[in-house]
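The primary structure of each chain is shown beneath.
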Amino acid sequence: MAANHLFDGLLAATGRESHRLLRLPGGDSWSYAELVDLSGRLANLLQAQGVKPGDRVAAQVAKSVTAIALYLATLRAGAVFLPLNPAYTRAEVDYFLADARPAVFVCEREREAEFVGVDARILNLDGTGGGSLLAAAQSLSTEFSNLERGPRDLAAILYTSGTTGLSKGAMLSHDNLLSNALTLVDYWRFTADDALLHALPIFHTHGLFVATNIAMICGAAMIFLPRFDLDLMIEQLPHATTLMGVPTFYTRLLADPRFERKLVAHMRLFVSGSAPMLAETHARFAATTGHQILERYGMTETNMNTSNPYVGERRAGSVGLPLPGVTVTITDPQSGAPLAAGETGMIEVRGPNVFLGYWRNPEKTTLELRENGFFITGDLGKFDADGYLQILGREKDLIISGGYNIYPKQVETEIDALDGVMESAVFGIPDADLGEAVAAAVVLAAGTVFDQEQILAALRPMLARFKLPRKLMQLDELPRNAMGKVQKNLLRERYG
Ligand code: MLC
Ligand code: AMP
C-alpha cells in the first residue's frame, strides 16, 4: 500500500485490535479495526463520488464515530478534510463552500433541504449513524488502497475568522498534524493505557487534531461524549485517566458539588487550552482535587506551540514552555524586531507545526507568515525569567467565548447592514461561564426605535448562535480616539 504520511502515523498502533478505541456513553464501543474498516468503506465511497487527490471534503455534521471515520477516509483518499461547526448558518456555510469548492459536502441529515443547489455532491449524516453517507457506503468494501501522500501534502483546511470579517482557510499539511501530535503524545506521556474523556467538538484543532489524533497515535481509549454535559462528565470521569478541555469545562465542573477529590483521585492529567484560564481557576482546581491543570497554548494555524511541563512546575497564568522543535520569539508589533527577554510584544512561532499558508489567499499569507518561517500569531506576550510564556493580550480584535473565536468585524458587518443602523461596535465583556461574552453597541439613525429582539431576529439567519450578542445597547455615538478609531477598551470598561 502506498505511504500516506498522516494516516499511517495515526494508525501505527492499531495492532492492538482488541483494545477498544472509542467508548460511547450508552455502552457501545468501537475498536480501531472497526473504525479503520468503516474508513475504508467511506474512502471507497469518496472515490466513487469522484473525489481526487487534493479535492476538499467538507463536513458539517454532529459529533459521531462516523465523522472520525470520514476524516480518516478523506486522508486515505488523498483528499483534504474541511470540518465545519454545525452551528454555522446557511449564509456562513455558503461562504466556506464558495471559497473551498469541495467535491463532496456532508451535511446533517435534517438540514439537507437547506443546502439544495450547493455546488458539491451532497451526502448526509445524523448523529446516530443514519443518513445517505452510511447507506451508500454499506455495500462497499472495507479494503481500500490508500493514496500516496507525503509530509507536505495538504491534509486539512480549517477556517479561522479574520479581522476583516472574512474567514481564512488555514492549510495544514500531513506533517503539521502528525509531528505536533507525536510531540504531544511524548510530552504529555500518553500511552495505550490511557482513557481520554473526549467532550470537545471535533471540528476544531483542540478536539480533532489534539485530542483525537493523540489518542489514535498511542492506541489510547477515548470516552467519546457527544458534547460537554455535566451529568455525563460526572458519570464518566471515574472511567477516564485524562481530560482535555477549554476553561469553561473546568469552571463548570468546579461549580458542581458532585465534583469532588475522590471522583478524580485516579486521574493522571487535566489539560486546558483554547482560551485563557484564570489563575484563580487553577488554584481552585488544585484545592478541590489535588491536581494541577496543565495549560497549553495553540491555534488553528499552528496546532500546539507551548505547554506547561508534565513534570515540573505548572505555572498558573502561564502557557508554559515552547514544545520541542517549536521556536517562539517576541517581537516589536510595529517593526517586527526581536525584543529582549522579559519585554512584552508579538508572539511569533516557527516549527514543523506551522501551517502552509491561507487557502487561495497569498496576500494574507504574506502578511502573517514570514519568509523565515515565523508565523505572527496576533497574540501579545512575554517570557518570564524561567522561560515560561505568558499571554498578556491580543493585537487581533477577537472575542474568545467558551473556546469559540468570534471576530467582532463579522458581527458588526451584519448589524451595520440592518435597516436603521448607522454603525456598531462589537466587543467582549467578562463572563463567569464563557470567559468572554459578545456585547454590541449600536448607533441608530434618527427616528429609528431600538428593538433588541428585532435586531437579534434579523441576525439569526446570518450568524451562528454563539456569535449573537448577549448584551445589546443603544448609544448616541461610539467613543473614538483622535484618529477616529473606535475605543473598544472604553466600551469594555463602561459596559463590561
Ligand atoms: C454554546 N453557546 C455559546 C457557546 N457554546 N455561546 C457562546 N460561546 C460558546 N462557546 C450557545 C449556543 O449557541 C446556545 O445558544 C446556548 O449557548 C446553549 O448551547 P449548548 O450547546 O447547550 O452550549 P453549551 O453546552 O453550554 O456549550 C458551551 C461549551 C461549548 C463551552 C461546552 O461551547 C464548547 O464545547 N466549547 C469548546 C470550543 C472548542 O473546542 N474550542 C477549540 C477551538 S481550537 P441559544 O441562543 O441557541 O440558546 C483552538 C486552538 C487551541 O482554539 O488552542 O485549542
Ligand atoms: P483559534 O484561532 O480558534 O485556533 O484560536 C487561537 C487563539 O486562542 C490563540 O491565538 C490565542 O489567542 C487563544 N488561545 C489558545 N490557547 C490559549 C491559552 N491557553 N491561553 C490564552 N489564549 C489561548
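See the structure printed just above.
This is a predicted model, so every value here is computed, not measured. (Residues numbered from 1 in each chain as written. Chains lettered and ligands numbered in written order. Predicted model: local features only at pLDDT ≥ 70, side-chain atom pairs only at ≥ 80, totals over all residues. Heavy atoms only, no water.)

**Student:** How would you summarise the packing of helix 6 (residues 174-187) against helix 7 (residues 205-218) if you had to cite specific residues and measurements?
**Tutor:** Running from N to C, helix 6 and helix 7 point in directions that differ by 70°, and their axes come no closer than 9 Å. If you check the angle between helix 6 and helix 7, you find them roughly perpendicular. Contacts between helix 6 and helix 7 pair L177, L178, A181, L182, L184 and V185 from the former with F209, V210, N213, I214, I217 and C218 from the latter. Split by residue class, the contact of helix 6 with helix 7 holds 11 nonpolar, one polar and no charged. (Axes fitted to C-alpha atoms, helices over the stretch in contact; angles between N-to-C directions. Helix = DSSP H or I, 4+ residues; strand = E, 2+ residues; numbered from the N terminus. Parallel < 35°, antiparallel > 145°, perpendicular 65-115°, else oblique. Contact = heavy atoms within 4.5 Å. Nonpolar A, V, L, I, M, F, W, Y, C, P; charged D, E, K, R; others polar.)

**Student:** Any details on the site of ligand 2? Residues and values, ideally.
**Tutor:** Surrounding ligand 2, one finds 17 residues, the nearest of these being R296, T300, D379, K396 and N405. Between ligand 2 and D379 there is a distance of 2.6 Å, counted from an oxygen atom to a side-chain nitrogen or oxygen. N405 places a side-chain nitrogen or oxygen 2.8 Å from an oxygen atom of ligand 2. Contact with the protein chains covers 92% of the free accessible surface of ligand 2, which is 500 Å². Within the residue set of the shell around ligand 2, elements represented by two or more residues are strand 13 (294-299) and strand 20 (389-394). (Near = heavy atom within 4 Å. Polar contact = N/O pair within 3.5 Å; in protein donor to acceptor, adjacent residues only side chain to side chain. Areas by Shrake-Rupley, 256 points an atom, 1.4 Å probe, with all protein chains shown as cover.)

**Student:** Give a detailed account of the sheet that holds strand 19 (residues 375-383), specifying residues and quantitative values.
**Tutor:** Strand order across the open sheet formed by four strands is 16-17-19-20, with antiparallel pairing between neighbours. Here the strands that pair on one side only, and so sit at the sheet edges, are strand 16 (327-331) and strand 20. Strand-to-strand twist across the sheet, computed as the mean angle between neighbouring axes with direction ignored, equals 50°. The pairing of strand 16 with strand 17 (residues 345-350) spans five bridges and is classified as antiparallel. Bridged to T327 within strand 17 is R350. (Pairing = 2+ DSSP bridges.)

**Student:** Please give an account of the site of ligand 1 that cites residues and values.
**Tutor:** Residues in close proximity to ligand 1 total 24 residues, the closest being R227, S274, R296, S401 and R465. The contact in question runs from a nitrogen atom of ligand 1 to an N or O atom on the backbone of S401, over 2.8 Å. Contact distances for ligand 1 include 2.9 Å between a nitrogen atom and a backbone N or O atom of G403. Starting from 1,000 Å² of accessible surface for ligand 1 in isolation, the protein chains cover 76%. Put simply, the parts of the chain that give the shell around ligand 1 at least two residues each are helix 7, helix 9 (247-254) and strand 13.

**Student:** So what's going on with unusual backbone geometry? Residues and values would help.
**Tutor:** When glycine is set aside, most residues are seen to have a negative phi, and most peptide bonds are trans. Notably, N303 is not glycine yet its phi reads approximately 55°, a positive angle. As for its position among the elements, N303 is in strand 14 (residues 303-307). The backbone of R360 sits at a positive phi, close to 50°, despite the residue not being glycine. You can see R360 is positioned in the loop between strand 18 (357-358) and helix 12 (362-368). For R360, a relative accessible area of 44% corresponds to the partly exposed category. (Buried < 20%, exposed > 50% of the residue type's maximum accessible area, 1.4 Å probe, protein only.)

**Student:** Before we move on, can you summarise the side chain of S307 with the specific residues and values?
**Tutor:** Positionally, S307 belongs in strand 14. For S307, the side chain forms a polar contact with the side chain of W188, separated by 2.9 Å. When sequence neighbours within four positions are dropped, the list of residues in contact with S307 reads Y187, W188, L294, E295, R296, V319, G320, L321 and L323.

**Student:** How would you explain the nonpolar core if you had to name every residue and give the values?
**Tutor:** Counting residues in each nonpolar core, the largest one holds 112 residues, and the members touching the most others are Y71, W188 and M244. Aside from chain neighbours lying at most four places away, what touches W188 is V210, I214, M244, R268, L269, V271, L294, R296, S307 and Y310. (Core = buried A, V, L, I, M, F, W, Y, C linked by side-chain atoms within 4.5 Å.)

**Student:** Talk me through helix 2 (residues 32-48); I want residue IDs and the actual numbers.
**Tutor:** Helix length check: helix 2, at 17 residues, gives a terminal C-alpha distance of 24 Å against a target of 24 Å (1.5 Å per residue), a fit within 8%. Buried within helix 2 we find Y32, L35, L38, S39, G40, L42, A43, N44, L45 and L46. Where helix 2 ends, the next residue or the one after it, G50, has phi of about 95°, a positive value. (Expected span 1.5 Å × (residues − 1).)

**Student:** I'd like a description of the packing of helix 3 (residues 65-76) against helix 7, backed by residues and values.
**Tutor:** The interhelical angle for the contact between helix 3 and helix 7, taken along N-to-C directions, is 85°, at an axis separation of 13 Å. By the angle between their directions, the pair helix 3 and helix 7 is classed as roughly perpendicular. Residues I68, Y71 and L72 of helix 3 form the contact with helix 7, whose own contacting residues are L208, F209, T212, N213 and M216. Grouping the constituent residues of the contact of helix 3 with helix 7 by class yields six nonpolar, two polar and no charged.

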